[in-house]
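Letter by letter, the chains look like this.
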Amino acid sequence: MNFLGVFAALTMLVTGTAQAAESVTVTDVTGREVTVEVPVQKVILGEGRLIYGLATLDSEDPFERVVGWRDDLKKADPQGYGLYAAKYPRIDDIPTFGGIKDGTFNIEQAISLNPDVVIMNLEAKGATEEGGFDEKLAAVGIPLVYIDFREAPIKNTETSMKILGQLTGKEDRAAEFIKFRSDHINEVEKRLREANPEKPDVFIERAAGYSEECCMSFGNENFGKMVEMAGGVNIAAPIIPGTFGTINPEQVIASNPDQFVGTGGDWEAYAPGMGWVPVGPGADMTEAKRKLDGLMERPAFTGIDATKNGNIHVVWHQFYNSPYQFVVIEQMAKWFHPDLFADIDPEATFKELHDRFLPLDYKPGYFISSSDTATN
């Protein structure tokens with residue numbers, strides 16, 4: 001009788017699992033229709049930083065489905081990686097891949113892990129197709145889905161979160177996150193629309209101090225678009241036709257921006273000893289302030305109005321590649337229009353995001369200004 005009882009229970013468990021699995025058609029951010037068995041149990045992330053989105057849904061254990069991922073998170077965001085590794089030490093054992101674009105992605109290794117889906121960031125699409133990786137995955141029945149938090153994040157973040165919700169079977173939680181995000185963005189846009197304040201000219205420098213060259217920036221998307229949504233004028237928008245590009249120091253001087261916003265992070269693994277500002281979770285703000293002050297000693301910045309008036313800011317670079325952009329939109333709006341957004345607290349917004357959606361406790365250190373008194 002005991003044996004029969006156990007057998008019956010196992011049969012019910014297997015049957016229930018089979019019934020829970022469902023074949024659905026997912027439309028990714030490129031418009032491709034992809035059939036996937038959901039909820040997926042085994043996922044390969046074509047970029048490690050896609051965990052920023054997945055973590056908002058699988059907040060008990062963001063790595064429970066991840067059987068392989070690109071090795072970029074540890075290098076690009078060592079502070080964040082360290083926090084996740086402290087709580088989930090087994091992430092060091094997850095197989096890692098190189099990048100699609102630099103030709104170091106191992107397709108055979110990926111196939112051997114037998115994933116239910118491979119999730120790629122949109123920017124890898126060209127290289128994925130050129131290398132024939134999409135065809136190789138299709139040939140063995142592994143679905144490939146593109147999402148996007150980088151190329152056109154303002155346009156694609158909501159869709160990308162819905163896709164992650166479909167894949168994980170957590171559509172309701174994805175919808176909750178999307179509403180939280182849109183409510184904060186809508187409030188910023190509503191105030192700007194009603195007050196119609198004068199907009200400052202803003203220079204947004206991508207990875208400020210990462211190299212001695214100046215100056216990487218953004219066109220009409222990503223941080224460039226966020227500047228506009230925060231009530232500023234992106235001086236690089238008429239110069240850079242796409243999402244990413246560069247402008248020369250003379251153009252910065254001629255534009256004479258009212259506000260400077262650089263993006264920063266701890267990039268010792270990529271650019272050791274350079275002038276980047278190491279903001280991020282739990283950052284050393286005394287060191288960040290020292291390096292922020294150093295940015296303005298470069299020839300293109302010593303005489304601009306932003307420097308003269310103390311409107312020099314740096315934000316965590318990874319806002320550009322995560323679904324958390326609404327937090328930095330709030331922060332920039334507060335910098336550009338301090339009276340209009342005096343009651344808005346971006347730190348509190350980010351803490352609430354952590355409390356409601358992420359498995360990590362919030363640690364400040366994502367923003368710094370030249371007017372701040374740096375303390376740890």
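Above this text you will find the structure in question.
Residues numbered from 1 in each chain as written. Predicted model: local features only at pLDDT ≥ 70, side-chain atom pairs only at ≥ 80, totals over all residues. Heavy atoms only, no water.

## With respect to the sheet that holds strand β7 (residues 144-147)
Move 1: If you walk across this open sheet you meet the 5 strands as β5-β4-β3-β6-β7, and the pairing is parallel. Looking at strand neighbours, the two that pair on one side only are β5 (96-97) and β7, the edges of this open sheet.
Move 2: Pairing of strand β4 (residues 66-70) with β5, which is carried by 2 bridges, proceeds in the parallel orientation. Residue pairing across strands places Arg70 opposite Phe97, the latter belonging to β5.
Move 3: Lying on the sheet, helix α8 (residues 153-168) is in contact with β6 (117-121) and β7; it crosses β7 at an angle near 145°. (Pairing = 2+ DSSP bridges. Helix = DSSP H or I, 4+ residues; strand = E, 2+ residues; numbered from the N terminus. Contact = heavy atoms within 4.5 Å. Axes fitted to C-alpha atoms, helices over the stretch in contact; angles between N-to-C directions.)

## Thoughts on the side chain of Glu47
Move 1: Looking at where Glu47 falls in the secondary structure, it is placed in the loop between β3 (43-45) and α2 (51-54).
Move 2: Look at Glu47 and you get buried, because its relative accessible area is 2%.
Move 3: The residues touching Glu47, leaving out its near neighbours within four places in the chain, are Arg70, Asp72, Asn121, Glu123, Arg150 and Asn321. (Buried < 20%, exposed > 50% of the residue type's maximum accessible area, 1.4 Å probe, protein only.)

## What about the environment of Trp69?
Move 1: Position of Trp69 among the secondary structure elements: in strand β4.
Move 2: Given a relative accessible area of 2%, Trp69 falls into the buried group.
Move 3: On a C-alpha basis, the gap between Trp69 and Gly46 in space is 5.8 Å, while along the polypeptide they are 23 residues apart.
Move 4: When neighbours within four sequence positions are excluded, Trp69 is seen to be in contact with Leu45, Gly48, Phe63, Tyr81, Ile91, Ile94, Pro95, Thr96 and Phe97.

## Considerations on the nonpolar core
Move 1: Core analysis: the largest hydrophobic core is formed by 113 residues, its most contacted members being Phe223, Phe319 and Met332.
Move 2: When near neighbours in sequence (up to four residues on either side) are disregarded, Phe223 contacts Ile204, Phe218, Thr263, Val315, Trp316, His317, Phe319, Tyr320, Val328 and Met332. (Core = buried A, V, L, I, M, F, W, Y, C linked by side-chain atoms within 4.5 Å.)

## Re the sheet that holds strand β12 (residues 259-264)
Move 1: Pairing is mixed across the open sheet formed by 5 strands, whose spatial order is β10-β8-β12-β13-β14. Two strands lie at the open edges of the sheet, namely β10 (233-234) and β14 (367-369), each paired on one side alone.
Move 2: Examined bridge by bridge, β12 and strand β13 (residues 312-316) share 5 bridges and lie parallel to one another. Bridged to Thr263 within β13 is Val315.
Move 3: Packing against the sheet, helix α12 (residues 285-295) makes contact with β12, β13 and β14, and its axis sits at approximately 50° to β14.

## A word on the environment of Arg193
Move 1: Examined against the element boundaries, Arg193 turns out to sit in helix α9 (residues 171-195).
Move 2: On the accessibility criterion, Arg193 (60% relative accessible area) is exposed.

Distances and angles like these do not, on their own, reveal function.
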